[in-house]
Every structure is written in structure tokens, then in C-alpha cells.
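Residue-level structure breakdown
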Amino acid sequence: MSGDNLRRPGLIFRSGLLVLTSFALVAAFLSGGILDLGDGDNAQAGGISLTLREDLTVRTEGYWPVFMELGFDDASPIAVTVDGIEPDKVDVRAFPLDAPSGTLLMTEEDGSLTGTVSDGSSRMLLMLTFFEAGTYRVAAEAIGRVASADAEVAISENGAHIFGEPTLGEWAGGWKNETGVGDELGFALTAPVERWNDAPWGTYYNWTISVICPTSMNVGGDLSIYNTGDTRVDRSALESTSAISAWENGFNTAFYTVWNGDGGNMLSGTAAMTPNGKELTMAAGTYNEWSKGLWAPSGAGTLTFNDAGHYLVVIHISDGEGPVSRPLVMEAVVS
């Protein structure tokens, strides 16, 4: 993303120190109708509704993006207020369907942060990112008339992480936050060690990836068939899947992420192992770094989008029990 849209070069959100509190204009007209953004826990009064979008939210923890949807019955400007948090403990972004996200200007008054949104549409996507745990009240009020709604969101503590937030390294072409259908975006990742846990040699940590799209995605079939090494397999399932995540597996071949589920607004899956089998069995240098507590995970892969839309990509390191790092968040508008 550009400097206006990202806090890190290479078109990524800084999600290791941010948990996006973002509001996104999501009125889209399909065949003359307003896009249905889905259902969720809803607080509504006077023609305004505020809904936590669990189908777009990976985790309700500090440093992870949380989505809410704001709906209202006319085009009045809306004041959005977040209570109980300091300005440097939250990031607020607009997340439109057809353009890169942008930071919403929030001003502080009496312990609350308030920003104004006005687009003439009847729905907005709110993407909230908090930097610390707590229970926060989010309120929306129509300016100039009596209409308001509010909802609470509980943000839990992060677990004791082994690794810090993954960061993007050098990659030919790099990541872009605006691209075309069928274009391949590449990335290389590393993550710093925050506390080494004396894991035994042979432990695998996984790169876990989630792809989010408010207008929904499709999976063309079982993508595990592309991880067998058989090049004669019909590629139609890949071509009919909205987001294709492919990782270098250490043997100069691609490893395709097998998505959990057949589609919807979020696709998640375990992407690739680090260290991989080749490093464990062949790389003396890897073992030396591991035994001295100097080893750090790395990975490289690509994402290809076969359908137009605005995508958010959340990548973290996990073990068998869940996340062991904060997330890296990247974004791509595909047209």
C-alpha cells in the first residue's frame, strides 16, 4: 500500500502493533440491489445498527483486526465513538470494497475517540484494531437527528508468544495493494524470536494464513491433490478458487494451502512448515542455530486472486495449540 494506507513498506498493515479499528464503506450495488454483508450480533436503535462481523474476524485479541458493520437508514453523517481507549492504543480504518483502506481521523475528548463518516451509502464496514486487552464500547450516532446504536467488543490478551510479528523481506516484484485478477503476488517472511522455549530439534512451526473478503469467496475443490507432486492433475479446482496460497516447501516445489471449508467470507489454512523437512534433515547450520537459540523462522510464497474484490490477508506462526506470534496483515484490491 502507499504510505497513506500502510505503516510498513510493501503494502501491509502493521498488525504486530496494531489491531485495525477500521470503518469501511461497503455499499455495493449488485444487479440493482445493496450488497448483503451478512448477519451477526446486532445492536440497533432509531434506524442505525452496529454488528460484530464474526465471519470476517480471525481472533478477538489485541493486535488482530476485528470487523464491525455499521448500517443506517439515510445518508446523514455518522459520528462513531470508541470509549475507554487512548489514541495510540487503537487504529481506525475505512475498508471500502473497491479501494485500499484509509485511516479514519479520530479526535479525543473526555476519554473517548470520535470520528465522522459520511458517504451517502447505507452500510459501512468497521475494522477495529486494539493494541491491548479490554472491553470497549463502540457507538454510532446520526448527526442532526435522534438515531444511535452501540455495541461492546471484548478483546482478550495475546498468549505468551515465542515469535514477534512476521515481517516482509525482499521479493522480486514485491507485494502490491492493488492488482489484477490472475496476477501473482509474492512475499518472503521472517519473524524475530521473542523468547526461545527450548523446543526439541524436530519441532515444526506452521505459517498459518487467513484470507478475508466481504463479498465472499469460493473454493473449487480439494486443493490437497496439488500437493502430491503429480503434474498431470487437472488444475480446474485451482482456477475456480478465489484465493490461491502457494508456499515454497524447501524442495523447490510449491505447497498449496488447503482451505478449511468450501468458501464464505474467510478462508483459513495451515500454509507451510518452518523449519521444513529439508532443513531438519540436511542443514547442519539450521541445527547449530536451533541448539544455540539463534534460529528464526522464515518462509516464502505467493498469492493469486482469481476473483475481483478487496482482500485482507492475515499471516501468523502457529504450533499445534494455536498462534505463537502476532499477525502480519496485508491487503490487496483486485480488479
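The following paragraphs examine the structure supplied in this document. (Residues numbered from 1 in each chain as written. Predicted model: local features only at pLDDT ≥ 70, side-chain atom pairs only at ≥ 80, totals over all residues. Heavy atoms only, no water.)

1. Points about the pattern of salt bridges
Applying the stated criterion across every chain, the model contains 9 salt bridges. As a salt-bridge pair, E61 and R59 come within 2.9 Å of each other at their nearest N and O atoms. Judged by its relative accessible area of 29%, R59 is partly exposed. Taking the shortest distance from any N to any O, the salt bridge between R93 and D91 comes out at 3.2 Å. A relative accessible area of 1% means that R93 is categorised as buried. With a relative accessible area of 2%, D91 lands in the buried category. The network of salt bridges with common partners includes R53, D55, E69 and R123. (Salt bridge = Lys/Arg side-chain N within 4 Å of Asp/Glu carboxyl O. Buried < 20%, exposed > 50% of the residue type's maximum accessible area, 1.4 Å probe, protein only.)

2. A word on the pairing of strand β26 (residues 328-334)
Regular strands show a simple pattern: their side chains alternate between the two faces of the sheet. Burial runs high along β26: 7 of the 7 residues are buried. Side-chain alternation along β26 places L328, M330, A332 and V334 on one buried face and V329, E331 and V333 on a second face that is also buried. Judged from the 2 bridges that link them, strand β17 (residues 178-179) and β26 form a sheet pairing that is parallel. Paired with T179 across the strands is V334, a residue of β26. As paired elements, strand β24 (residues 309-319) and β26 share 7 bridges and run antiparallel to each other. (Helix = DSSP H or I, 4+ residues; strand = E, 2+ residues; numbered from the N terminus. Pairing = 2+ DSSP bridges.)

3. Here we look at the sheet that holds strand β21 (residues 254-256)
The strand order across the open sheet built from 5 strands is β16-β18-β23-β20-β21, with neighbouring strands paired in antiparallel fashion. The open sheet terminates on both sides in strands that have one partner only, identified here as β16 (167-168) and β21. Pairing of β16 with strand β18 (residues 184-190) involves 2 bridges; the strand directions are antiparallel. Each bridged residue has a counterpart across the sheet, and for L168 the counterpart in β18 is L189.

4. Examining the sheet that holds strand β12 (residues 112-117)
Taken in spatial order, the 5 strands line up as β11-β12-β8-β14-β15 in an open sheet, and their pairing is antiparallel. Only two strands of the sheet have a single partner each, and these edge strands are β11 (107-109) and β15 (148-155). Going across the sheet, the axis of each strand differs from the next one's by a mean of 25 degrees, ignoring polarity. For β11 and β12, the ladder comprises 3 bridges, and the chain directions are antiparallel. Across the sheet, residue E109 finds its bridge partner in β12, namely S112. (Axes fitted to C-alpha atoms, helices over the stretch in contact; angles between N-to-C directions.)

5. Thoughts on the pairing of strand β19 (residues 205-218)
Extensive coverage of β19 is indicated by the burial of 11 of its 14 residues. As defined by bridge partners, β19 adjoins strand β22 (residues 263-274) across 10 bridges and the pair is classed as antiparallel. Directly across from I212, in β22, lies its bridge partner M266. Across 7 bridges, the pairing between β19 and β24 is antiparallel.

6. Side note on the nonpolar core
Residues V211 and F305 are the most contacted members of the largest nonpolar core, which totals 41 residues. Broken down by secondary-structure element, the contributors of at least two residues to this core are β18, β19, α1 (236-239), β20 (243-248), β22, β23 (298-305), β24 and β26. Looking at this core, the element that brings in the most residues is β19, giving 6 residues. Counting residues in each nonpolar core, the second largest holds 30 residues, with V80, V82, A147 and I155 among its members. (Core = buried A, V, L, I, M, F, W, Y, C linked by side-chain atoms within 4.5 Å.)

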